[in-house]
Amino acid sequence: MTTLSIDGFIGLSIALLAISIFGILTRRNFILLLISVEIGMNAAILNFLFFAAFPNRSPFFDGLQGQSIAIVLVGLAATEVAVGLAIVLALNRLKGTINVAEASSLRE
Amino acid sequence: MSLEELAFLVLALVAVATALLALFVRELVHTILWIGVFFVDLSAIYFLIDAPFLGVLQLGVYAGAVTILLLFGIMVTRKRIFSREAITGIGALPAALAVATFVFLALVVGEFPGGEQAITSYNVTDLSQALFSQFGVYLLLLGLVMLGALAGAIYLVREGRE
């Protein structure tokens, strides 16, 4: 039986979320932006799995539900990357660059 | 400190370090390599907390498919694969916001009782049965989202669009 401390798990998840927020706010390259969003998504999946591993700490769902949501989230994140790359290709064709600061034609 | 705690500590440190490296390294291809290490490291954490199915899924979907897709994105949008990114530097406001998020969430979570606890592990058979009966709605919704995303992605990249 594996025994682990809960605080470390939550701390890791929060740290990854903070890194993700920082990346989303600072990076101008679309692919780096996608990677930042992926890090945040992974923090969320990690959180669902942690609370599935410690089911009596989570008042909202039981363990199997947590793991089911984690599986669905993995699929959702893969879908998001596919759409993101489609946007990268369209942006590259339209502007010749994947810098998100250049994609401002809706601003005018 | 037990062996599992030591393993988790090392894996968590590697996860944070590789996530930071992926965002701060100048070469975009190196970013993809670091993020690949990050995904493999997270799958090791999943194995550690007795979620082997999710660990395999993480290896296949993230370390396999997502990494290759991102690499493909770099490949088709650049003339030279290895070219350095003009780094934008550490903005004071985003860094402050990230630190504030961390501190706030850590304080909020710190209110709840922590401590050591045994990990509950689940049978893969039970998980799949629950996924296809009790929580089947999630899978249906995921399928609908994927269908819409597929149509949208094809519309975005098709030739001859004005």
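Residues numbered from 1 in each chain as written. Chains lettered and ligands numbered in written order. Predicted model: local features only at pLDDT ≥ 70, side-chain atom pairs only at ≥ 80, totals over all residues.

Undergrad: Summarise the overall build of chain B; cite the residues concerned and give the values.
TA: Within chain B, the secondary structure is distributed over 6 helices and 1 strand. Going residue by residue from the N terminus, the α and β elements of chain B occur as α-α-α-α-β-α-α. Expressed as lengths along the three principal axes of its C-alpha atoms, the size of chain B is roughly 55 × 45 × 30 Å. Considering chain B as a whole, with its 162 residues, one finds that 20% of them fall into the buried category. (Helix = DSSP H or I, 4+ residues; strand = E, 2+ residues; numbered from the N terminus. Buried ≥ 20, exposed ≤ 12 C-beta atoms within 10 Å, placed from the backbone.)

Undergrad: Give a detailed account of the overall build of chain A, specifying residues and quantitative values.
TA: From N to C terminus, chain A includes 3 helices and 1 strand. For chain A, the α and β elements follow one another from N to C terminus as β-α-α-α. Here the C-alpha atoms of chain A give a radius of gyration of 18 Å, more than 25% beyond the 13 Å that 2.2 N^0.38 yields for 108 residues. Each of the three principal axes of chain A carries a C-alpha extent, and together these read 55 × 25 × 25 Å. (Rg over C-alpha atoms; globule rule 2.2 N^0.38 Å.)

Undergrad: Residues and numbers for the nonpolar core, please.
TA: Core analysis: the biggest nonpolar cluster contains 63 residues, and Leu16, Ile31, Leu49, Ala70 and Leu73 of chain A have the highest contact counts within it. Going through the elements one at a time, helix H1 (6–26), helix H2 (30–53) and helix H3 (63–95) of chain A together with helix H1 (3–24), helix H2 (28–48) and helix H3 (52–77) of chain B are the ones with two or more residues in this core. For this core, the leading source of residues is H2 of chain A, giving 16 residues. For Leu73 of chain A, the residues in contact, after removing those within four places along its chain, are Met41, Ala44, Ile45 and Phe48 of chain A. (Core = buried A, V, L, I, M, F, W, Y, C linked by C-beta atoms within 7 Å. Contact = placed C-beta atoms within 7 Å.)

Undergrad: An account of the environment of Leu76 of chain A is requested, with residue identities and associated values reported.
TA: Position of Leu76 of chain A among the secondary structure elements: in helix H3. Given 19 C-beta atoms within a 10 Å radius, Leu76 of chain A is considered partly exposed. Placed 35 residues apart in sequence, Leu76 of chain A and Met41 of chain A show a C-alpha to C-alpha distance of 9.4 Å. Excluding residues within four positions of it along the chain, Leu76 of chain A makes contact with Leu142 and Val145 of chain B.

Undergrad: Would you mind going over the interface of chain A and chain B in detail, with residue names and values included?
TA: Interfaces are often sized by the accessible area lost when the parts come together. Counting residues at the interface gives 64 residues for chain A, matched by 67 residues for chain B. In terms of residue count, H3 of chain A provides more of the side of chain A that touches chain B than any other element does, 24 residues in total. A breakdown of the residues in the side of chain A that touches chain B according to their chemical character gives 43 nonpolar, 17 polar and 4 charged. Pairing of strand S1 (residues 3–5) of chain A with strand S1 (residues 116–118) of chain B involves 3 bridges; the strand directions are antiparallel. Looking at S1 of chain B, one finds that Leu4 of chain A is bridged to Gln117 of chain B. (Nonpolar A, V, L, I, M, F, W, Y, C, P; charged D, E, K, R; others polar. Pairing = 2+ DSSP bridges.)

Undergrad: Help me get a handle on the confidence of the model for chain B, residues and values and all.
TA: On average, residues of chain B score 86 in pLDDT, and 91% of them reach the 70 mark or higher. Scored by ipTM, the complex comes to 0.90, with pTM at 0.89. (pLDDT = per-residue confidence, 0-100.)

Undergrad: Account for unusual backbone geometry, naming residues and giving values.
TA: Among all residues except glycine, the phi angle is most often negative; among peptide bonds, the trans geometry is most common. The phi torsion at Asp50 of chain B lies on the positive side, around 60°, for a residue other than glycine. Here Asp50 of chain B falls in the partly exposed class, since 17 other C-beta atoms lie within 10 Å of it.

Undergrad: Would you mind going over the confidence of the model for chain A in detail, with residue names and values included?
TA: On average, chain A scores 85 in pLDDT, and the residues at 70 or more come to 94%. Mean pLDDT across the secondary structure elements of chain A bottoms out at S1 of chain A, with 75, and peaks at H2 of chain A, with 90.

Undergrad: Just give me the short version of the packing of H1 of chain B against H2 of chain B, but keep the residues and values in it.
TA: Residues and elements named next belong to chain B. Running from amino to carboxyl end, H1 crosses H2 at an angle of 155°, the nearest separation of the two axes being 9 Å. Put simply, H1 runs roughly antiparallel to H2. When you trace H1 past H2, the crossing you get is left-handed. Counted together, Glu4, Ala7, Phe8, Leu11, Val14, Ala15, Thr18, Ala19, Leu21 and Ala22 of H1 and Thr31, Trp34, Ile35, Val37, Phe38, Asp41, Leu42, Ala44, Ile45 and Leu48 of H2 form the full contact between these two elements. Of the residues belonging to the contact of H1 with H2, the class tally is 16 nonpolar, 2 polar and 2 charged. (Axes fitted to C-alpha atoms, helices over the stretch in contact; angles between N-to-C directions. Parallel < 35°, antiparallel > 145°, perpendicular 65-115°, else oblique. Left-handed = near helix turned anticlockwise from the far one by under 90°.)

Undergrad: Got a sec to walk through H1 of chain B? Specific residues and values, please.
TA: The end-to-end C-alpha distance of H1 of chain B is 32 Å, a good match for the 32 Å that 22 residues give at a rise of 1.5 Å each. Residues Phe8, Ala12, Ala15, Thr18, Ala19, Ala22 and Leu23 of chain B constitute the buried set of H1 of chain B. For H1 of chain B, the arc enclosing every buried residue in end-on projection is 135°, short of the 170-degree limit, so these residues lie on one face. In H1 of chain B, the exposed residues that point more than 90 degrees away from the buried face are Leu3, Leu6, Val10 and Leu13 of chain B. As for H1 of chain B, its buried residues are in contact with S1, H1 and H2 of chain A together with H2 of chain B. (Expected span 1.5 Å × (residues − 1). Arc of directions from axis to C-beta.)

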